[in-house]
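What follows is each chain in one-letter form.
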Amino acid sequence: MTVDAKESARKIERAGDILARVREEVGRALVGQRAMVDRLLVGLLTGGHVLLEGVPGLAKTLAVKSLADSLSLKFRRIQFTPDLLPADLTGTLIYTPRDGSFTPKRGPLFANLVLADEVNRAPAKVQSALLEAMQERTVTAAGRSMPLPRPFFVLATQNPIEMEGTYQLPEAQIDRFLFKSVLAFPSEDELDSILDLTTGAAQAVPAQVLTVDDILAGQRLVRSVPIASHVRRAVARFVRRTQLENPDVTADVKRYIRFGISPRGAQSLVLAAKGHALLRHRYNVSFDDLCAVLRPTLRHRFQLNFEGEADQVDAEALLTRLFEDAIRDSA
């Protein structure tokens, strides 16, 4: 192993230890939801955003607030409603009569961690402002473009039960989320611990573990995690097999798929696997890392057609099967 490789391995090992401490601090205030916390950390490390789907009361807000506390990040929560305006997110210019100047009043998007609660309740213009922030890391207010602070991370939630008064999120916006994480209900033991923790004395507050500079350094480190050429080739082969114009497409894909994984989806899968490898103290991306992040990374980038919906095809199982076939063919 070269000197550079040894130094990179030491950085990855050190980063993995620090991330384990972050998870431990978040766990002081949050019971269970280990998979959600890991995906939030991967999203933060890779510069991606996360869409959480779950019924109310599963600690979505508490999770991101606890994460912000442990990382010394500025946190803002925005409750999306049908009457929300873009300026409610981005801010506006305030006129000062004394000197005739305009002073920018920054909106809640100017934070490091932004919780967009019930994101599918806001109309198209608000979604457009949020999309600009997510993709470009800038906001436009009164004709002026202003950069957002780094790191910038959007955690959006939507309720899968109540659909009245909601708007369908556009595919272009959904595709900007690194993960779509479906939250599971806590087990009996976890629920008992939640009741014990939240109905007694004052709740614990996570201690600060990382600074903003540490997080930015971690984002650079994630991209340096190596991935073997045959592993990367397997991802490319898998993504091609989800495309209808591929001459080697399987009968199930041709029959049931409306559209497959885009190149951005492939990029997101590799980046998420690199972040997962860092969490697990691995020095390179393995097929296990890719399998661990496959479903949350791609479930919202892959859509069944009418026949697939009518036949109740399990889209995620189909994705997994296609990926396993791509891995087998790379052996």
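To be clear, the structure that these remarks concern was listed above.
Residues numbered from 1 in each chain as written. Predicted model: local features only at pLDDT ≥ 70, side-chain atom pairs only at ≥ 80, totals over all residues. Heavy atoms only, no water.

Caption draft 1: Spatial organisation of the packing of helix 2 (residues 34-46) against helix 3 (residues 60-71). Running from N to C, helix 2 and helix 3 cross one another at 50°; their axes reach a closest spacing of 11 Å. The angle between helix 2 and helix 3 places the two elements in the oblique class. Seen from above, helix 2 lies across helix 3 with right-handed handedness. Facing helix 2, whose interface residues are M36, L40, L41 and L44, helix 3 presents A63, L67 and L71. The residue makeup of the contact of helix 2 with helix 3, split by class, is seven nonpolar, no polar and no charged. (Axes fitted to C-alpha atoms, helices over the stretch in contact; angles between N-to-C directions. Helix = DSSP H or I, 4+ residues; strand = E, 2+ residues; numbered from the N terminus. Parallel < 35°, antiparallel > 145°, perpendicular 65-115°, else oblique. Left-handed = near helix turned anticlockwise from the far one by under 90°. Contact = heavy atoms within 4.5 Å. Nonpolar A, V, L, I, M, F, W, Y, C, P; charged D, E, K, R; others polar.)

Caption draft 2: Up close: the nonpolar core. Judged by nonpolar contacts, the single largest core of 68 residues is most densely connected at L113 and F238. With eight residues, the top contributor of residues to this core is helix 11 (residues 263-279). Every residue in contact with F238, bar those within four places of it in the chain, is listed here: L269, L294, L298, L319, L322, F323 and A326. Counting residues in each nonpolar core, the second largest holds 26 residues, with L51, L109, F152 and V154 among its members. (Core = buried A, V, L, I, M, F, W, Y, C linked by side-chain atoms within 4.5 Å. Buried < 20%, exposed > 50% of the residue type's maximum accessible area, 1.4 Å probe, protein only.)

Caption draft 3: Expanded view of the sheet that holds strand 5 (residues 113-117). Strand order in the open sheet made by the five strands is 2-5-8-1-9, with parallel pairing throughout. Of all strands in the sheet, those with a lone pairing partner are strand 2 (75-79) and strand 9 (177-182), marking the two edges. Averaged over all pairs of adjacent strands, the angle between strand axes in this sheet comes to 15°, irrespective of strand direction. Pairing of strand 2 with strand 5 involves five bridges; the strand directions are parallel. Across the sheet, I78 pairs through a bridge with A116, a residue of strand 5. Lying on the sheet, helix 2 is in contact with strand 1 (49-53), strand 5, strand 8 (153-158) and strand 9; it crosses strand 9 at an angle near 175°. (Pairing = 2+ DSSP bridges.)

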